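# Topology and contacts: notes
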Amino acid sequence: MSFAQLRLDGVTRSFAGHDALTDLNLTVRSGEFIALLGPSGCGKSTALNCLAGLLPLTRGSIWSDDTRLDTVQAERRGFGMVFQNYALFPHMSVRRNIAFGLQMRRLPRAEIRRRTEEAIRLVRLEEHANKLPGQLSGGQQQRVAIARAVVLEPALVLMDEPLSNLDAKLRLEMRTEIRRLHQSLGLTTVYVTHDQEEALSLADRLVVLREGRVQQIGTPEELHTRPANWHVADFMGYRNLLRLRADDRTGQDEVVVTGHGLRLVGTPVGPVRAGAEVIAGVRPEDLRITGPEEGVPAVVEVVEYQGREVAVEARTADGVQFNLRTQTRPTLGERIGIVVDPVRLLVFPADGTDADGDDRPAGEPAEEPTTGDSR
Ligand SMILES: Nc1ncnc2c1ncn2[C@@H]1O[C@H](COP(=O)(O)OP(=O)(O)OP(=O)(O)O)[C@@H](O)[C@H]1O
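No experiment lies behind these values; they were computed from the predicted model shown. Per-chain numbering applies: the sequence of each chain, read as written, is numbered from 1 onward. The model is predicted, so local features are restricted to residues of pLDDT at least 70 and side-chain atom pairs to those at 80 or more, both for listing and for counting; the totals for chains, interfaces and linings are taken over all residues.

## Here's the deal with the overall build of the chain
For the chain, the count of helices and strands is 8 helices and 20 strands. Dimensions along the principal axes, computed over C-alpha positions, put the chain at roughly 75 × 45 × 35 Å. With C-beta atoms placed from the backbone, a contact is any residue pair whose C-beta atoms sit within 7 Å. Partitioning the intrachain contacts of the chain with sequence separation of at least 6 by distance along the chain shows that 67% fall at a separation of at least 24. Helix and strand definitions here come from DSSP, where helices need a minimum of 4 consecutive H or I residues and strands a minimum of 2 consecutive E residues; each element is numbered from the N-terminal end.

Written out as structure tokens, the structure is:
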């Protein structure tokens, strides 16, 4: 069942009266790689299982072009699935595991053989085709699982944290592998992960979820440079989140924020009102270290070697902690100045209101952003 567009329209799923996923609207275009991203419990797997047909919807609908899909049984949707536990048949060889789905479809024997061998080649398991899953490494087993899904040429491939059981090095390799397969086979993929780096590197578009609600949908670049609210910023590596107050001179393009002995100029994202409480966020790599006579004065407390760069923690006299990344290596106890580029300091309404003024995910944030003194 191939499609030009797959549309999720107000997809909602609740468990015992509690919404696990609320009002998900998303259009997946054929050939796209979409990542569903968010912390544990945000509703990612629920969304994927609704798409797969493993969970009935509480409200809303799913459409494959003009055909309603949410009423179609899981096995008739023609989707491929890859999960974190590979769920391979332990008593069957790699080759038979991959061929199994084709055999179930009663395809001609020659076609089964041709497609199976091609899938084995695609995931580079030629040398292991006769082994049992138990004789393979985790990464190899995951490749079998992927081959088994894509050999059926599914209209959509659904992956739920497929790399989470692998070690760091293999995860990176498999990530490249998955992207390569997606491209070379012209797949359409929906991929669930809690790892923002994985999502940013794999996906054409990301859907950031929090407490069952979409926070933002966008390209990696859009999310990276323009998170819609501070929750998304938090997730996108804006490690410095400061609870401050907007000055009276709040404009369209610039806002002065003050508090905890700080006075910084930033860029408003969303409806930031003069005098309002805000969350100002900046990434560690967007802060610059200079001498103590310039910028925000602070003292270096932690210096952590991280390959080419150094992660630095510094604290101001008022106890605000900053996380920085630099190429130069300051010494412990050194007095430095921290320069904040106004374009890179994003200022969000503290209630979590979105950039488009949509205040659906609003409400006083449950978790407090770091203000330095809380750590
Ligand atoms: N079968 C179920 N019965 C009751 N509650 C459920 C069920 N499945 C999920 N939930 C609840 O729905 C919410 C979303 O769960 P979901 O598994 O979709 O989150 P997730 O983002 O995939 O998290 P994780 O990465 O930890 O799997 C959670 O609060 C979870 O406890």
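There is more to say, and it comes next.
## Let's talk about unusual backbone geometry
With the exception of glycine, most residues fall at negative phi, and the peptide bonds are largely trans. Phi at Arg106 is positive, roughly 55°, even though this residue is not glycine. Mapped onto the secondary structure, Arg106 falls in the loop between helix H2 (94-104) and helix H3 (109-122). With a phi close to 50°, Glu211 is a non-glycine residue in the positive phi region. Mapped onto the elements of the fold, Glu211 is located in the loop between strand E9 (205-210) and strand E10 (213-218).

## Regarding the environment of Asp341
For Asp341, the location among the structural elements is in the loop between strand E19 (335-340) and strand E20 (346-349). Exposure classification rests on a simple neighbour count of other C-beta atoms within 10 Å of a residue's own: a residue reaching 20 or more is buried, one at 12 or fewer is exposed, and one in between is partly exposed. C-beta atoms are placed from the backbone. C-beta crowding within 10 Å serves as the criterion here: with 13 such atoms nearby, Asp341 is assigned to the partly exposed category. With 77 residues separating them in the primary sequence, Asp341 and Leu264 have C-alpha atoms 9.2 Å apart.

## Observations concerning the confidence of the model for the chain
In predicted models, pLDDT denotes the confidence assigned by the predictor to each residue on a 0 to 100 scale. In the predicted model, the chain carries a mean pLDDT of 89, and the fraction of residues at 70 or more is 93%. Considering only residues more than four positions removed or in separate chains, one finds that residues 357-367, a stretch of pLDDT under 50, has 18 contacts. Contacts from residues 370-375, a stretch scored under 50 in pLDDT, to residues over four places away or in other chains number 15 contacts. Here the predicted complex scores 0.86 on pTM and 0.94 on ipTM.

## With respect to the pairing of strand E8 (residues 189-193)
The buried count for E8 comes to 5 of 5 residues, which makes it a mostly enclosed element. Taking every second residue as pointing to the same face, both faces of E8 are buried, with Thr189, Tyr191 and Thr193 on one and Val190 and Val192 on the other. A strand pair is defined by DSSP finding two or more bridges across the two strands. Where strand E3 (residues 33-37) lies against E8, 5 bridges are found, and the strand directions are parallel. Following the sheet pairing, Ala35 is matched in E8 by Tyr191.

## Concerning the site of the ligand
Taken together, Phe15, Ala20, Gly38, Ser40, Gly41, Cys42, Gly43, Lys44, Ser45, Thr46 and His194 make up all the residues around the ligand. At 3 residues, helix H1 (residues 44-52) tops the list of elements feeding residues into the shell around the ligand. Near, as applied to residues and a molecule or strand, means the residue's backbone-placed C-beta atom lies within 6 Å of it.

## Here we look at the domain arrangement of the chain
All domain edges in this entry derive from an automatic or database-based domain assignment. Its domain assignment divides the chain into domain 1 (5-224) and domain 2 (226-349). Of note, the centres of domain 1 and domain 2, computed from C-alpha atoms alone, are 38 Å apart. The interface of domain 1 with domain 2 comprises 8 residues on the first partner and 9 residues on the second. Elements represented by at least two residues in the side of domain 1 that touches domain 2 include exactly E9, E10 and helix H7 (220-225). If one sorts the elements of the side of domain 1 that touches domain 2 by residue count, H7 sits on top with 3 residues. Under the scheme applied, nonpolar residues are Ala, Val, Leu, Ile, Met, Phe, Trp, Tyr, Cys and Pro; charged residues are Asp, Glu, Lys and Arg; polar residues are all the others, including Gly. In the side of domain 1 that touches domain 2, the residues fall into 2 nonpolar, 4 polar and 2 charged.

## Regarding the sheet that holds E20
On the basis of which strands lie adjacent, the closed barrel formed by 5 strands has the order E11-E12-E13-E20-E14 and mixed pairing. Averaged over all pairs of adjacent strands, the angle between their axes in this sheet comes to 55°, without regard to strand direction. By the bridge criterion, 6 bridges tie strand E11 (residues 240-246) to strand E14 (residues 277-282) in an arrangement that is antiparallel. Bridging from a neighbouring strand, Leu244 pairs with Val278 of E14. To obtain each axis, a line is fitted to C-alpha atoms, and for helices this fit is confined to the stretch in contact; angles are then taken between N-to-C directions over 0 to 180 degrees.

## With respect to the nonpolar core
Connectivity within a nonpolar core runs through C-beta atoms within 7 Å, and the core itself is a set of buried Ala, Val, Leu, Ile, Met, Phe, Trp, Tyr and Cys residues. Judged by nonpolar contacts, the single largest core of 98 residues is most densely connected at Val278, Ile338 and Val347. The element best represented in this core is helix H4 (residues 138-150), accounting for 6 residues. In terms of domain composition, this core takes at least three residues from each of domain 1 (5-224) and domain 2 (226-349).

## Looking at the sheet that holds E10
Within the open sheet, the 6 strands sit side by side as E6-E7-E8-E3-E9-E10. Their pairing is mixed. Both edges of this open sheet fall to strand E6 (79-83) and E10, since each of them pairs with a single strand only. Between one strand axis and the next, the sheet turns by 15° as a mean value, whatever way the strands run.

## Remarks on the packing of H2 against H3
With their axes 9 Å apart at the nearest point, H2 and H3 run at an angle of 135° to one another. Comparing the axis directions of H2 and H3 gives the class oblique. Here the hand of the crossing between H2 and H3 comes out right-handed. On the side of H2, the interface is formed by Arg95, Ile98, Ala99, Leu102 and Gln103, while H3 contributes Ile112, Arg115, Thr116, Ala119 and Ile120. Grouping the constituent residues of the contact of H2 with H3 by class yields 6 nonpolar, 2 polar and 2 charged. Roughly parallel here means an angle under 35 degrees, roughly antiparallel means over 145, roughly perpendicular means 65 to 115, and every remaining angle is called oblique. Crossings are sorted by hand: turned counterclockwise from the far helix by less than a right angle, the near helix makes the crossing left-handed, and turned clockwise it makes it right-handed.

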